Amino acid sequence: MAGATTAGLAGVGITGEVSAASELKRNQKRVLCIWLAGGSSQFETWDPKPSRETGGPFRSIPTAVPGYHVCELMPKLAKQMNKIAVVRSLNTGISEHGLAADLISTGRPKEPALEYPEIGVLLAKELAARESKLPDYVSFFLSTEGRRRPATGFLGGSNAPMLLEKAARPSDIELPNGLSDLKHKEREHLREVLSNEFARGRVGGQMVNGYNSAYAKVRGLMQSDQLFDIDKEPAAVRERYGRTVFGQQCLAARRLLEAGVPMVKVARGFWDSHHDNFESHRELVPDFDNVMSTLLTDLDERGLLQSTLVVVLSEFGRTPKINKNVGRDHYAAAWSCGFAGCGIKGGAIHGKTDADGKTVTDGEVDASDVAATIYKAVGIDLHKEYYSGLRPVPIAKEDAKPIDSILS
Amino acid sequence: MAFDPKNAKLNTACEVPGILFGLCHDAARDKLYGAGTDWSVYCVDLKAENLTTEKKWTNHENYVSALGLLGNDVISASYDRRIIWTNAETGEQVRSVVAHKGWVRDLAVFPNGKQLVSVGDDMLVNIWNGETGELLNTLDGHDKQTPQGYTTALYAVAIAPDGKHIASGDRTGTVCIWETSTGKLLGKLHAPTFYTYDARARVRSIGGIRSLCFSPDGLMLAIGGIGLVSNVDGFVGPCRMELWDWQTGQRTGTCQDKHNAVLNQIAFHPSEPYVIAAGGGDSGGILAFWDTKKEKPIHKAKPKGHLQQLIVTPDGNRLLAAGHDGFQIWDLVGATK
């Protein structure tokens, strides 16, 4: 297991020490999942079809990768395409929000007998530093529509991420007035003793361990409040990320990743543009373009991009057909996603769709292939087995094929 | 003679591929032109016995968004950022100018027939010499971003009947009133109900001022769009129109209906105190007739599909519309008893 044993930003150390293991930290692998909830349009992002009836009114623009064009709404990312890999050939079959989100999030079709954990939960477990006092997984999902809490599945509740659903900063983590840190520690010690006593000889001791672990994390979290405070960032950095909610969340995510949180998810909702698709994408994509490009530059400048995998996913794409409300509906037969950073071959473009974007014509991949690609990019053995009871469960679906053409 | 909109009747529908966003009527030749999303301009000769559509020309390289008529030329605006003058009879392209740094959303021709005005996604209002294509003035007064920091848009423009003033309406519900001769910004009307920003559920917005129209006496400005939207994934909000005394900056009326739709175009009846609005949304297409003194429409007709544009002919006998199912010619004669 790779990882640092201390966590902290320069000047924001949670153990009170400025990290002496900066090299180790740089090598710790981290993952940021940007979840474009509701289903972003591949036509207005990674796989434009200008001048086709299905293509809509946006033009395409050249990128840093010769021959590859993106939608004109992404000029900043176009310049950074040498850092980004794109898969244009997802065919994932399911075009209902909830079921599709489950499929993409777990990399597996639903199974009645077994609930699989979300990819992020597995990543957090695999990439977590053993003694870290930081959360292993922080999930920002501030919009309510399409919100799904990462499933812990058969791994159990102790692997649940820290959820930020009301604000980009955790609330109620300051000590109440009049309670000293010493007193708080004493209370925590008493709680642990009582919990362990309760668990002794009882079925369900694992659950108590989970609680103990969670409380330990809370202690760490209470000392790391500043990590979530983007006001600690220089004004110029905040300006680069922009003042949108998504920009602020991604800046907070970068602070967490830098401090050593191995898994962060930022959901940006809601892209479900059944009506007025082009107007909504005019609003959403430039924000995504600015924030994502800023994030990649920022990670790169801090020496973190090599060790941080950034994945851009949705539950599905959007229809080639422009409907009567000038909208696009759900479409899972041919859509796109993006990768950058750790383990990724920047500038790699995998797969193709036909001239109208209706079908995948080359390099078809499914949800399990995407999951396997993520695991492989950060060096996780796809065949490593977890156990659900006595049943061995490999990390990646048995027939999943990582998309090697985008892996470095 | 009483005008009864309930007798308005769809006479003819002429289909075209895709959507028609723009419309203009050559009253002298009684021809109707439509602006297509297939980059083409379509025409219906309203004098013909059997009305059919004809694809006239394809001079643009993106959606054609608005049309106007200036002498013998049809003026077309497009998302390709250009305005093109095309001889209506020969189809010959007379002139092309890059009009905006962004999609051109709307244009209007001045009553004097010599100038035109356009609005685009650069959030500018440009006044053009209609005969030479020379840019005469650029009016800059709309915010460049939404209050939440996102890209905005400038959807609609209208010219007062005397040509002395221009109104332009943006996504966030602001109307700028300009003095034509000086380009001076005289004031802003704030109609924020037309813009729904959903900060909680979906963290994005919908709406905007999609249509503007001065009353025939020039005293009133009608603003059209959609009211508060419950689900910004779509046009799931009441169709809405506001009437303003634009000179005092006072809203004088609110016309709203539960029909979920955005009103893409508004026209005052030339002789009756009615406003007619066209649009579409979650409840389907709508053609609504409002008495300017009442909140609820006195009649809602169901057009064939969603409508983007409408024109009431100067004699008040016909209503010409365009939208998602091509051209529609409505008979208003029967509505006047």
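Please refer to the structure placed before this passage.
Every value quoted in this text rests on a predicted model; they were computed, and no experiment measured them.

## Quick notes on the overall build of chain B
Then step 1. Along its length, chain B carries zero helices and 30 strands.
Then step 2. Computed over C-alpha atoms, the radius of gyration of chain B comes to 18 Å, within 12% of the 20 Å expected from 2.2 N^0.38 for 337 residues, which places it in the range of a compact globule.
Then step 3. Counting across all 337 residues of chain B, residues that qualify as buried make up 59%.
Then step 4. Within chain B, contacts between residues separated by at least 24 positions form 47% of all contacts whose residues are at least 6 apart in sequence.

## Focus on unusual backbone geometry
Then step 1. Omega for the peptide link from Gly-269 of chain A to Phe-270 of chain A comes to 5°, which places this bond in the cis form.
Then step 2. Assignment of secondary structure puts Phe-270 of chain A in the loop between strand 9 (263-267) and helix 9 (277-301).
Then step 3. At Arg-81 of chain B, a residue that is not glycine, the phi angle is positive and equals roughly 80°.
Then step 4. With respect to the helices and strands, the residue Arg-81 of chain B is situated in the loop between strand 7 (73-78) and strand 8 (82-87).

## Remarks on helix 8 (residues 245-259) of chain A
Residues and elements named next belong to chain A.
Then step 1. Across its 15 residues, helix 8 extends 21 Å between first and last C-alpha, which sits within 8% of the 21 Å expected from 1.5 Å per residue.
Then step 2. With 15 of its 15 residues buried, helix 8 lies for the most part within the structure.
Then step 3. Downstream of helix 8 by one or two residues, Gly-260 has phi in the positive range, about 120°.

## With respect to the interface of chain B and chain A
Then step 1. On the side of chain A, 26 residues touch chain B, which itself brings 23 residues to the contact.
Then step 2. For the side of chain B that touches chain A, the class distribution of residues is nine nonpolar, 10 polar and four charged.

## Description of the sheet that holds strand 9 of chain A
All names here are of chain A.
Then step 1. The strand order across the open sheet formed by eight strands is 8-7-9-3-10-13-6-14, and the pairing between neighbours is mixed. Sheet topology places strand 8 (162-164) and strand 14 (349-350) at the edges, where each strand pairs with a single neighbour.
Then step 2. Across five bridges, strand 3 (residues 30-35) lies against strand 9 in parallel orientation. Note on strand 9: the bridge partner recorded for Ile-34 is Val-266.

## Focus on the sheet that holds strand 28 (residues 307-312) of chain B
The pairing of strands in a sheet happens through backbone hydrogen bonds and is either parallel or antiparallel.
Residue and element names in this part refer to chain B.
Then step 1. With antiparallel pairing, the four strands of this open sheet are ordered in space as 1-30-29-28. Each edge of the open sheet is held by one strand with a lone partner, namely strand 1 (9-14) and strand 28. When the angles between neighbouring strand axes are averaged without regard to direction, this sheet yields 20°.
Then step 2. Alignment of strand 29 (residues 318-323) against strand 30 (residues 326-331), held across six bridges, turns out to be antiparallel. Paired with Arg-318 across the two strands is Asp-331, which belongs to strand 30.

## Observations regarding the environment of Val-193 of chain A
Then step 1. As for its placement among the helices and strands, Val-193 of chain A is situated in helix 5 (residues 181-199).
Then step 2. Spatially, the C-alpha atom of Val-193 of chain A lies 34 Å from that of Ile-119 of chain A, the residues being 74 residues apart in sequence.

## Description of helix 5 of chain A
Residues and elements named next belong to chain A.
Then step 1. Given a rise of 1.5 Å per residue, 19 residues ought to cover 27 Å, and the 27 Å separating the end C-alpha atoms of helix 5 matches this to within 8%.
Then step 2. Within helix 5, only zero of the 19 residues are buried, which leaves the element largely exposed.
Then step 3. A positive phi of about 75° marks Gly-201, the residue just after helix 5.

## Comments concerning the pairing of strand 14 (residues 154-159) of chain B
Two faces make up the sheet, and in a regular strand the side chains alternate between them.
Then step 1. Most of strand 14 of chain B is tucked away, with six of its six residues classed as buried.
Then step 2. In sequence, strand 14 of chain B turns back onto strand 15 (residues 165-170) of chain B through a hairpin of five residues, with Gly-163 of chain B there showing a positive phi of about 75°.

## Comments concerning the environment of Val-175 of chain B
Residue and element names in this part refer to chain B.
Then step 1. With respect to the helices and strands, the residue Val-175 is situated in strand 16 (residues 174-179).
Then step 2. Residue Val-175 is classed as buried on the basis of its C-beta count, with 25 C-beta atoms lying within 10 Å.
Then step 3. Sequence separation between Val-175 and Gly-234 is 59 residues; the distance between their C-alpha atoms is 23 Å.
Then step 4. If we skip the residues at most four places from it in the chain, Val-175 touches Ala-167, Ser-168, Gly-169, Lys-188, Leu-189, Ala-191, Ile-209, Leu-212 and Ile-223.

Cut-off values and rules
Residues numbered from 1 in each chain as written. Chains lettered and ligands numbered in written order. Predicted model: local features only at pLDDT ≥ 70, side-chain atom pairs only at ≥ 80, totals over all residues. Helix = DSSP H or I, 4+ residues; strand = E, 2+ residues; numbered from the N terminus. Rg over C-alpha atoms; globule rule 2.2 N^0.38 Å. Buried ≥ 20, exposed ≤ 12 C-beta atoms within 10 Å, placed from the backbone. Contact = placed C-beta atoms within 7 Å. Expected span 1.5 Å × (residues − 1). Nonpolar A, V, L, I, M, F, W, Y, C, P; charged D, E, K, R; others polar. Pairing = 2+ DSSP bridges. Axes fitted to C-alpha atoms, helices over the stretch in contact; angles between N-to-C directions.

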